[in-house]
2 protein chains.
Amino acid sequence: MKNDAITSRDVDFAKWYTDVVTAAHLAAYSSVKGCMVIEPNGYAIWEKMTKILDDKFKELGHVNVAMPLLIPEGLLKKEGELVEGFAPEVAWVTHGGLKELEERLCIRPTSETLFCDYYKDHIKSYRDLPKLYNQWCSVVRWEKETRPFLRSREIFWQEGHTAHETASEAEAETRKMMDVYRWFFHEILAIPSVNGIKTEKEKFSGAEYTLTNEALMYNGVALQAGTSHYFGQKFAKAYDVKFLNKEQKLEYVYQTSWGTTTRMIGGLIMVHSDDYGLVLPPRIAPKQVVIIPIGKDDSIKELANKYSEELNKNNIVSYVDGSEKSPGFKFAEAEVNGIPVRIEIGSRDLEKGIITFARRDTREKIEVSKDTDIVSYTKELLDTIQKDMYDRAVVRRDKLTFEAHNLDEMTKILDTQPGFIHAMWCGDVKCEEKIKEIHGCKSRCILENAEKIDDKCVCCGKEAKHHVIWDIQY
Amino acid sequence: MKNDAITSRDVDFAKWYTDVVTAAHLAAYSSVKGCMVIEPNGYAIWEKMTKILDDKFKELGHVNVAMPLLIPEGLLKKEGELVEGFAPEVAWVTHGGLKELEERLCIRPTSETLFCDYYKDHIKSYRDLPKLYNQWCSVVRWEKETRPFLRSREIFWQEGHTAHETASEAEAETRKMMDVYRWFFHEILAIPSVNGIKTEKEKFSGAEYTLTNEALMYNGVALQAGTSHYFGQKFAKAYDVKFLNKEQKLEYVYQTSWGTTTRMIGGLIMVHSDDYGLVLPPRIAPKQVVIIPIGKDDSIKELANKYSEELNKNNIVSYVDGSEKSPGFKFAEAEVNGIPVRIEIGSRDLEKGIITFARRDTREKIEVSKDTDIVSYTKELLDTIQKDMYDRAVVRRDKLTFEAHNLDEMTKILDTQPGFIHAMWCGDVKCEEKIKEIHGCKSRCILENAEKIDDKCVCCGKEAKHHVIWDIQY
C-alpha cells in the first residue's frame, strides 16, 4: 500500500525527497540550524559505504590518518585561491573557554592546508614518497540553503590527500581514484555516472584540474558525487613541501586530493527510490533480507529463524521481524526502509508447499516451493535486483539525455525537462555564464576523447573546442 | 640495539613517552596548538580498537548515529551542572562565513544535550524504548596543557547514549558497558584495570553516578580510561524527554552515557612499551608479524612471501619487509613500531635447517626447525605473548599497589613512588580536598563490596564509609 507519509514523486519531487528521508528514518532535523542528525538507518548505509570504499583504498595502498578539526587563519590563508573559494563559507572559532583567541581558527572546510602543513615536516626525500593518506571525518561549510545529505553545514566525507615524486605518478593517482568512484557508483550503488573534467570555472579552487563523477537523478537534475583533483605543485609551493629527489635536488612534491560524501545517500534516494519509500541496491543495503513469519505458529517462527541463520552464514544479511505488529504493518515498514527482499512465511501457504518472496524494487511477489534452496535462490534474486536496478537507471538516464546545437534548443530542453545536455563549447567562460542564465544550468564536465557533435559553440557560434555535458545541479 | 631517539623510561618518563609516540610514528604535533595529527601507525591502532569495540556494542544491540558537531549556547545551558562543568573549556563559534551569528555555537565537548534534543522529538512511547545509540566522533575541550593521546584539545572517542523505560534497565546498561570496557582492557589491551564508582566530587557533571575503569601506568600514575554514567532522569527533566509508559502515563526516560577515547593508546604505551619503542599486545596490534628475508637470495624471498600468505589466510596479520634497508635497520624499525613477532629467514640459517622468531615483548630470539608448522607455531606464540604481557602488567600493578592507614603513610608513599593506594574514607569532600594537597592525589574510585581495611577515615579519623583507591592521575 502507498505510504501516506510520502508525497508522490511525480507531484512534488523536493517534498517526496524529504518525506523519504524522514519516513525511512535516514536523517532528522536538529536544533542546530543547517546540521542534520544521521539516524541509525542512514548511518548504517554510510557505514557500509565507508567499509567498501575504505577496503578498496587500502587495497590500493592508502592508509588513514586524522588531521585536526581546526585551521588557524594564517595557515588557511597561505594558498590564495583556496582561501578565496572558502573564506565566505567557513565557521570561525574566536573563543576558547572564557578567553578570546589571539588568532581565530576555522573549522576545516577541507584539509589541504593541514595535510600540507604535516607533509612539510615529514617529507624529506623521495624515499618518503608517495604519501597515500586519507581521512574519514566531517567538514563544515556555512551554507545558506540546506537539504539532508545534499547540502548541509556539516558534511561527512572522506578526503584523500596524496604526495608524489613526479607529475605523471600524481596524475595517474588522480585518475585511479576517479576510477574507484566510478566503480563504486556503477557496481555498488547501481548508479550509471558519467566522468569527465571540470571546466576552469567549475574546478576546485587551487587545483590544476578536477575530474568528476556526475550522476543523473530521477527528475533530470545532476548530482556531482565524487571528485578527484590534480594539484601539480601549487599547494606544495604555497606550503613549502619539498623533497630531495633521486638526483639529489630539492623539488616540490606533486599532489592530489579526492573525496566523496554522504551526498551519495541523497543520490541513492533520488535515483532508485519510489512513492513507497527507500529502495536500496542489495550491495549497499545494510540489511538485505527481512523474513516475516505470519501467524503465531511456533514452527513458522522456527523456520524463519532457521532461514535467517542460513542466509547470514552465507554472507546475506537478514533478520526476522518477530515483533507483535501485524504482517501488513511489517510489510510496509520493510518497504519504506528499502529492504531489498522480503520473505513471507505463512502456515496456509506452507501447507500448499510454498513460501513467498517479494522484491522491493519491482514490488513483485514470487511464490516458490518450500523445497527451494533458500540461500542460492536469495543470492540469485539479490544479484538480479542489483542488475535490474542498474539497467533501469541507465534507461532513465538515456531517456533524459539530450543534444543541443544552439541556445534555443538548450532553453527549450531546460524549460520542459532538465537532463544531461550534450553540446559543444568554445572554452570561453563568458559562454558558460550566459548558459547559466537558463535556469542556472552549468557545465557538468568536459568529456574526454568524445566525438564532436558540432563544429560551433552552442552559445556563441565560434569554433567549438570541447564536447560538454550541461545540466542544472543539486 | 637501544634506539637513540628514545630517552630511557627510568630516566625521564615524560620524555620517554613523547619519544615513543614520535619514534613509532603514532602522532605528530600540528600547527594547531593543542591538537595532534594521528599518523598512520597510531590511527591503525585506533581503527582496530574501534572495530573490536564497535562489534561488541552491536552484538549488544547498539546502533551508530551522527549528531551535529555544534551545539547552540541556549541548548547547552539547559542542564545546569553540565554547563557548569564544561563552559570554561569549550570552543565557541561566533561567525559563519562573513557574518556574526545571532546565537553562538560551541563545538561539542560531549553530546548529552544533542542526544536529548533528538530523543525529545523521537521518543513517544515505551514502544520506542530502549534507544541504544552510540557515535564515533571527536569532541573539543580547550585544555591548557596537552600531551598526545592523553590530553588534547580535540579528542577522538566513542560516546554511547541510551534511553530506557526503567531505572533498573538503565542501571543494568551502565554496568554492562563498564563490563565491556573492563573486558576490552583485560582481554584485548592486556591491561589489568580496577573498576569502581567515582566519588561525588569526581563523577561526571550531571550524572547520578559514574562507574570508572582505572589502569595503572608503569610509573605508578593512574589513567582513567573508560567511564559509564547513570543519569537517572536528570537530563530527561532538563530536556523534557518524556514517554507514555505501559500504564499510559507520561514519564521521563532513564538515561546512561559511556565513553572511551584515544587515551587508551596512551595507556598501551605507558603500560607495555620500553626503551626500544612501542610494545603492542598481539590482539590490538594492527600488524602482528613481520617477516624479514636476509640476503638477496630469491628463494628466501619466495619463502617469506609464502609464510606471509599462509599467516594472513589464517587471520594472522603479517607482512614481508622486502625493502632495500639492511636487516639490522629492519629489525630496529619493527621493534620501535611494536610488531609483536619478527620472523627472520636467512640462507645460512636455512642450510642449518632453522628459522628465527623474535618476540618483541621479551626481545628473546627463538630458533625453530624450518619444518615447524609456521601458522600454528605463530598462533601459539602470539597467545603466549598476549598472556605474558598481561601477567607482567599484573605483577607491576601489584608491586605498585599500597595500603595507607593515615595521612603520613599516604604522604610517604606519594613522596617515594606513586601507585594505587588503598585507604578508607569517611565520605566527606573536605578529606578528598585535603588529600589532593599531597601531590594532587585524587580518589580513583570507591570499590564496591570491598573488605574494610580500617574503621577510620585515612584523613580525618572519623568513621570510615568507603574503601577507596587513591592516586595521582594523567
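Quick notes on the rules
The written sequence of each chain sets the order in which its residues are numbered from 1. Each chain is given a letter, starting from A, and each ligand a number, starting from 1, according to the order in which they appear as written. Only residues with pLDDT of 70 or above have their local features reported here, since the model is predicted, and side-chain atom pairs are shown and tallied only from 80 upward, although totals for entire chains, interfaces and linings are computed over all residues. Runs of E in the DSSP output that reach at least two residues are strands. Runs of H or I that reach at least four are helices, and both are numbered from the N terminus. As a reference, a globule follows 2.2 Å times the number of residues to the power 0.38, and the radius of gyration itself is taken over C-alpha atoms. With C-beta atoms placed from the backbone, a residue counts as buried when 20 or more other C-beta atoms lie within 10 Å of its own, as exposed when 12 or fewer do, and as partly exposed for counts between those limits. Contact criterion: two residues are in contact if their C-beta atoms, reconstructed from the backbone, are within 7 Å. Each domain's extent was defined by an automatic or database domain assignment. Copies overlap after least-squares fitting; the atoms used are the C-alpha atoms of residues with pLDDT of at least 70 in both. By the convention used here, strands pair only if DSSP detects at least 2 bridges between them. Axis definition: a line fitted to C-alpha atoms, limited for helices to the stretch in contact. Angles are taken between N-to-C directions and run from 0 to 180 degrees. Confidence per residue, as judged by the predictor, is encoded in pLDDT with a range of 0 to 100. An angle counts as roughly parallel when it lies under 35 degrees, as roughly antiparallel when it exceeds 145, as roughly perpendicular when it falls between 65 and 115, and as oblique in every other case. Helix crossings get a hand from a simple test, with the near helix turned counterclockwise from the far one by less than a right angle marking a left-handed crossing and a clockwise turn marking a right-handed one. In this classification, the charged set is Asp, Glu, Lys and Arg, the nonpolar set is Ala, Val, Leu, Ile, Met, Phe, Trp, Tyr, Cys and Pro, and all remaining amino acids, among them Gly, are polar. Here a helix's expected span is defined as the number of its residues, less one, multiplied by 1.5 Å.

Moving on: the overall build of chain A. Of the regular secondary structure elements, chain A holds 14 helices and 23 strands. Taken over the C-alpha trace, chain A has a radius of gyration of 25 Å; the compact-globule value for 474 residues is 23 Å, and the two agree within 12%. With the C-alpha coordinates aligned to their principal axes, the bounding extent of chain A is approximately 80 × 55 × 50 Å. The buried share among the 474 residues of chain A stands at 49%. The long-range share in chain A, meaning contacts at least 24 apart out of those at least 6 apart in sequence, stands at 68%.

Moving on to the domain arrangement of chain A. Taken as a whole, chain A is organised into domain 1 (13–68 + 117–272), domain 2 (289–381) and domain 3 (401–471). Placing the centre of domain 1 of chain A and that of domain 2 of chain A at their C-alpha centroids yields a distance of 38 Å.

Right, let's get into the relation of the copies chain A and chain B. For these two chains of identical sequence, chain A goes onto chain B by a turn of 180° and a shift of 0.0 Å along the axis, with RMSD 0.0 Å. Both copies are brought into coincidence by an operation consistent with a two-fold rotation axis. Of every C-alpha in chain A, the one belonging to valine 93 of chain A sits nearest the axis of rotation, 2.1 Å from it. Both copies present the same face, since 100% of the interface residues in chain A are matched by interface residues at the equivalent positions in chain B.

So, about the sheet that holds strand E16 (residues 318–320) of chain B. Residues and elements named next belong to chain B. Read across the sheet, five strands follow the order E16-E15-E17-E18-E19 without closing on themselves; strand pairing throughout is mixed. The open sheet has two free edges, formed respectively by E16 and strand E19 (365–369), since each of these has just one partner strand. Neighbouring strand axes in the sheet, compared pairwise and without regard to direction, differ in orientation by 25° on average. In terms of strand pairing, strand E18 (residues 354–359) meets E19 through five bridges, oriented antiparallel. Residue pairing for E19: phenylalanine 357 is matched across the bridge by isoleucine 366. The sheet strands contacting helix H10 (residues 327–336) are strand E15 (289–294) and strand E17 (341–346), and the helix crosses E15 at an angle near 175°.

A few words now on the sheet that holds strand E4 (residues 70–72) of chain B. Think of a sheet as strands paired side by side through backbone hydrogen bonds, with each pair either parallel or antiparallel. Spatially, the six strands line up as an open sheet ordered E4(A)-E6(A)-E5(A)-E5(B)-E6(B)-E4(B), and their pairing is antiparallel. Edge positions in the sheet fall to strand E4 (70–72) of chain A together with E4 of chain B, since each has one partner strand and no second. The sheet shows a mean angle of 45° between the axes of neighbouring strands, direction not considered.

Confidence in the prediction for chain A averages 96 pLDDT; 100% of positions are at 70 or higher. Interface confidence for the predicted complex, given as ipTM, is 0.96, next to a pTM of 0.97.

Residues and elements named next belong to chain B. With their axes 9 Å apart at the nearest point, helix H9 (residues 298–313) and helix H12 (residues 374–399) run at an angle of 60° to one another. Viewed along their axes, H9 and H12 adopt a mutual orientation that is oblique. For the pair H9 and H12, the crossing hand works out as right-handed. Counting all contacts with H9, which are made through Tyr307, Glu310 and Leu311, the residues of H12 involved are Ile374, Val375 and Thr378. For the contact of H9 with H12, the per-class residue count stands at four nonpolar, one polar and one charged.

In this section: the interface of chain A and chain B. A common way to report how large an interface is uses the accessible area buried once the components associate. Contacts between chain A and chain B engage 42 residues on the former and 43 residues on the latter. When residues of the side of chain A that touches chain B are traced back to their parent elements, those giving at least two are strand E2 (36–38), helix H2 (40–59), strand E3 (63–64), E4, strand E5 (91–96), helix H5 (112–122), strand E7 (131–140) and strand E8 (154–164) of chain A. Considering each element in turn, the side of chain A that touches chain B owes the most residues, six residues, to E5 of chain A. Looking at the side of chain A that touches chain B residue by residue, the classes come out as 28 nonpolar, nine polar and five charged. Relative to strand E5 (residues 91–96) of chain B, E5 of chain A runs antiparallel, the two sharing five bridges. Bridge pairing links alanine 91 of chain A to glycine 96 of chain B in E5 of chain B.

On to unusual backbone geometry. In this chain, leucine 129 of chain A is followed by proline 130 of chain A through a cis amide linkage whose omega measures -5°. Relative to the assigned elements, proline 130 of chain A resides in the loop between H5 and E7. You will see that histidine 25 of chain B, though not glycine, has its phi angle at about 55°, which is positive. Position of histidine 25 of chain B among the secondary structure elements: in the loop between helix H1 (13–23) and strand E1 (27–29). When the 15 C-beta atoms within 10 Å are taken as the criterion, histidine 25 of chain B is described as partly exposed.

Attention now moves to the pairing of strand E8 (residues 154–164) of chain B. Successive side chains on a regular strand alternate, one facing one side of the sheet and the next facing the other. All names here are of chain B. Counting buried residues along E8, nine of its 11 residues qualify, which places the element largely inside the surrounding structure. In the sheet, strand E7 (residues 131–140) pairs with E8 via 10 bridges, with the strands oriented antiparallel. Note that in E8 the partner of glutamine 135 across the bridge is glutamate 159. Both E8 and strand E14 (residues 254–261) contribute to a ladder of eight bridges, which runs antiparallel.

This part is about the environment of lysine 234 of chain B. Residue and element names in this part refer to chain B. Its place among the elements puts lysine 234 in helix H7 (residues 234–239). Along the chain, lysine 234 and glycine 206 lie 28 residues apart, while their C-alpha atoms are 7.1 Å from each other. Residues contacting lysine 234, with those up to four places away along its chain left out, are Gly206 and Glu208.

Quick look at the environment of lysine 365 of chain B now. Residue and element names in this part refer to chain B. Secondary-structure assignment places lysine 365 in strand E19. Separated by 22 residues in the primary sequence, lysine 365 and isoleucine 343 place their C-alpha atoms 9.5 Å from one another. Every residue in contact with lysine 365, bar those within four places of it in the chain, is listed here: Thr356 and Ala358.

With that settled, consider H1 of chain B. The complete set of buried residues in H1 of chain B reads Trp16, Tyr17, Asp19, Val20 and Val21 of chain B. Elements in contact with the buried residues of H1 of chain B: E1 and helix H8 (263–272) of chain B.

This paragraph deals with H2 of chain A. Each α-helix winds once per 3.6 residues, and so residues spaced three or four apart point in a common direction. Residue and element names in this part refer to chain A. Taking 1.5 Å per residue, 20 residues should reach 28 Å; H2 reaches 28 Å between its end C-alpha atoms and fits that length. Buried within H2 we find Asn41, Gly42, Tyr43, Ile45, Trp46, Met49, Leu53 and Phe57. Phi turns positive one or two residues past the end of H2, at glycine 61, with a value near 95°.

Buried residues dominate strand E10 (residues 209–216) of chain B, accounting for seven of its eight residues. Hairpin connection of E10 of chain B to strand E11 (residues 222–232) of chain B: five residues between the antiparallel strands, including glycine 220 of chain B at a positive phi of 85°.

All names here are of chain A. Of note, glycine 427 is situated in the loop between strand E21 (420–425) and helix H14 (429–436). By C-beta crowding, glycine 427 is classed as partly exposed, having 16 other C-beta atoms within 10 Å. Sequence spacing of glycine 427 and glutamate 463 is 36 residues, and the spatial spacing of their C-alpha atoms is 9.2 Å. With residues near it in sequence (within four places) discarded, glycine 427 still touches Lys465 and His466.

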